[in-house]
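# Tertiary structure, described
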Amino acid sequence: MFYKYIKRFLDLISSIILLTILSPILLPVIIILLFSAEGEVFYLQKRIGYKLKSFNIFKFATMLKNSENIGMGTITLKNDYRVTKPGKILRKTKINELPQLINIIIGDISVVGPRPLLKKTFDSYPENVKEKIYLIKPGLTGIGSIVFRDEESILSNIKNENPHDFYKSVIAPYKGELELWYQDNQSFQVDLKILFTTLWVIIFPESRIYESWFENLPKRRF
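Read on for an overview of the structure. Note that this is a predicted model, so its numbers are computed, not measured.

## What to know about helix α1 (residues 2–34)
When the local axis directions of α1 are compared, the greatest deviation, roughly 65 degrees, occurs at Ser 23, which is followed within four positions by the proline Pro 24. Within α1 the residues assigned to the buried category are Tyr 3, Lys 7, Asp 11, Ser 15, Leu 22, Leu 26, Val 29 and Leu 33. If you follow the buried residues of α1, they end up packed against β2 (54–60), α2 (85–93), α3 (100–106), β3 (110–112), α8 (163–185) and α9 (188–203).

Pasting the structure below:
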C-alpha cells in the first residue's frame, strides 16, 4: 500500500518536472508536426487501462490518418510507408511517447508498468494474462517495452508467417509473461532499473543489458 501511494506521488511530481524541462524539445516538435505531413500534432487512441477500463492515450502523430485501417493495421513494420518523415525520428527516439506524461498527470498510467494496449492487441494475450495484467496501472515504459523496443524489426524479419499470427502465437504470450513478472517483482528498485534500462536501450538499441540486470526474467524465445 505504501509503495502504491508513494509511486503515485512520484509519478505526478516527475511528470510535471519532465514536461517543464522538455518543453524546449516538445514545442518545436509541435510546430514541425503542425506544418508537415497531414498537420496533425497529437494522436489519441483508445487503450485498455487499469482494471480493464479504457482511456485515450496521448501521442505525437507519427503515422498517416486512419492508419489502423490500411496496410498492416495495428502492426507497424520497419520502414512502414504509413509512418511520416518526422514520425520516423520521433518513433526512433521515443519522443512520440512523451505526450503520455499528460496521461500520467491525469492518472491514467504510471511511469513504469505494463504498456496499455489496443483491445485487438490485448485480445491476443492468453486468458491468464488478460485476467491479471491490468490489476496495476499501465505505464509509459516497462519491462515489455524494453525487451520489445525493436518489435517493428522483429515483425519485419519473420519469414513464412503472417505478422499478426506471429504476434499472437509468439510475441503476445512472451510479453504477457514479462508483464506478470513485473507484477511479482515490482519495487522502487525495479522501477529505477527499468527507467535506467529504457534510456540505455534507446541510446544502445542492440543492447541486451536487461538480461543480466533483472533476476528470473522469462527467457527470450526468438
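## Examining the side chain of Lys 175
Inspection of the secondary structure puts Lys 175 in helix α8. Overall, the relative accessible area of 10% leaves Lys 175 in the buried class. Within the structure, the side chain of Lys 175 is placed 3.5 Å from the side chain of Tyr 167, a separation counted as a polar contact. Apart from residues no more than four positions distant in its own chain, Lys 175 is found in contact with Tyr 125, Phe 148, Glu 151 and Tyr 167.

## Comments concerning a nonpolar patch on the surface
On the surface, Phe 2, Phe 9, Leu 10, Ile 13, Ile 17, Ile 21 and Phe 188 cluster together into a nonpolar patch covering about 700 Å² of accessible area. As for its position among the elements, Ile 17 is in helix α1. Classification of Ile 17 by relative accessible area gives partly exposed; the value is 44%.

## Quick look at the environment of Gln 45
Along the chain, Gln 45 falls in strand β1 (residues 42–48). Once the C-alpha coordinates of Gln 45 and Tyr 174 are considered, the two residues, 129 residues apart in sequence, prove to be 24 Å apart. At a separation of 2.6 Å, a polar atom in the side chain of Gln 45 contacts the side chain of Arg 47.

## Digging into the nonpolar core
Counting residues in hydrophobic clusters, the biggest one holds 48 residues, and the most contacted among them are Ile 143, Tyr 182, Ile 194 and Phe 214. Elements with a minimum of two residues in this core: α1, β2, α3, β3, α6 (143–147), α7 (151–157), α8 and α9. Examining the composition of this core, we find that nine residues originate from one element, α8, more than from any other.

## As for the environment of Leu 18
Of note, Leu 18 is situated in helix α1. With relative accessibility at 37%, the residue Leu 18 sits in the partly exposed group. On a C-alpha basis, the gap between Leu 18 and Pro 114 in space is 21 Å, while along the polypeptide they are 96 residues apart.

## Quick look at the packing of aromatic side chains
Tallied over the full model, the rule gives nine aromatic pairs. With 5.9 Å between their ring centres and 25 degrees between their planes, Phe 122 and Tyr 134 make a pair best called stacked. Here Tyr 134 lies in the loop between α5 (127–132) and β4 (139–141) and Phe 122 lies in helix α4 (residues 119–122), a separation of twelve residues in the sequence. Each member of the pair, Phe 122 together with Tyr 134, is buried. Grouped by ring-pair contacts, the aromatic residues Phe 196, Trp 200, Phe 204 and Trp 213 constitute a single cluster.

About the criteria used
- As a convention, each chain's residues are numbered from 1 in the sequence order in which they are written.
- It should be noted that, the model being predicted, local features are given only for residues of pLDDT at least 70 and side-chain atom pairs only at 80 or more, the latter also being counted only at that level, while totals for whole chains, interfaces and linings use all residues.
- Excluded from the side-chain calculation are hydrogens and water; included are all heavy atoms of the structure.
- Axes are fitted to the seven residues ending at a residue and to the seven starting at it; the angle between these axes is taken as the bend at that residue.
- The way it works is that DSSP assigns letters per residue, a run of H or I at least four long becomes a helix, a run of E at least two long becomes a strand, and they are numbered from the N terminus.
- When a residue's accessible area, from a 1.4 Å probe over protein chains only, is under 20% of the maximum for its type it is buried; when over 50% it is exposed; and in between it is partly exposed.
- Only heavy atoms matter for contacts: two residues are in contact if any of them lie within 4.5 Å across the pair.
- Residues adjacent in sequence count toward polar contacts only when both atoms are side-chain atoms; beyond that, a polar contact is any pair of N or O atoms within 3.5 Å, and within protein one must be able to donate a hydrogen and the other to accept it.
- Only residues above 30% relative accessible area that lack a salt bridge enter a patch, with like-charged residues linked at up to 9 Å and the nonpolar side chains Val, Leu, Ile, Met, Phe, Trp and Tyr linked at up to 5 Å.
- Here the Shrake-Rupley method, with its probe set to 1.4 Å, supplies the accessible areas, and only the displayed protein chains count as covering residues.
- One side-chain nitrogen of Lys or Arg within 4 Å of one carboxyl oxygen of Asp or Glu is enough to make a salt bridge.
- Residues belong to a common nonpolar core when they are buried Ala, Val, Leu, Ile, Met, Phe, Trp, Tyr or Cys residues joined through side-chain atoms within 4.5 Å.
- Only the six-membered ring of Trp is used, alongside the rings of Phe and Tyr, when aromatic pairs are assigned; centres must lie within 6.5 Å, and planes under 30 degrees apart are stacked while those over 60 apart are edge-to-face, with the rest tilted.

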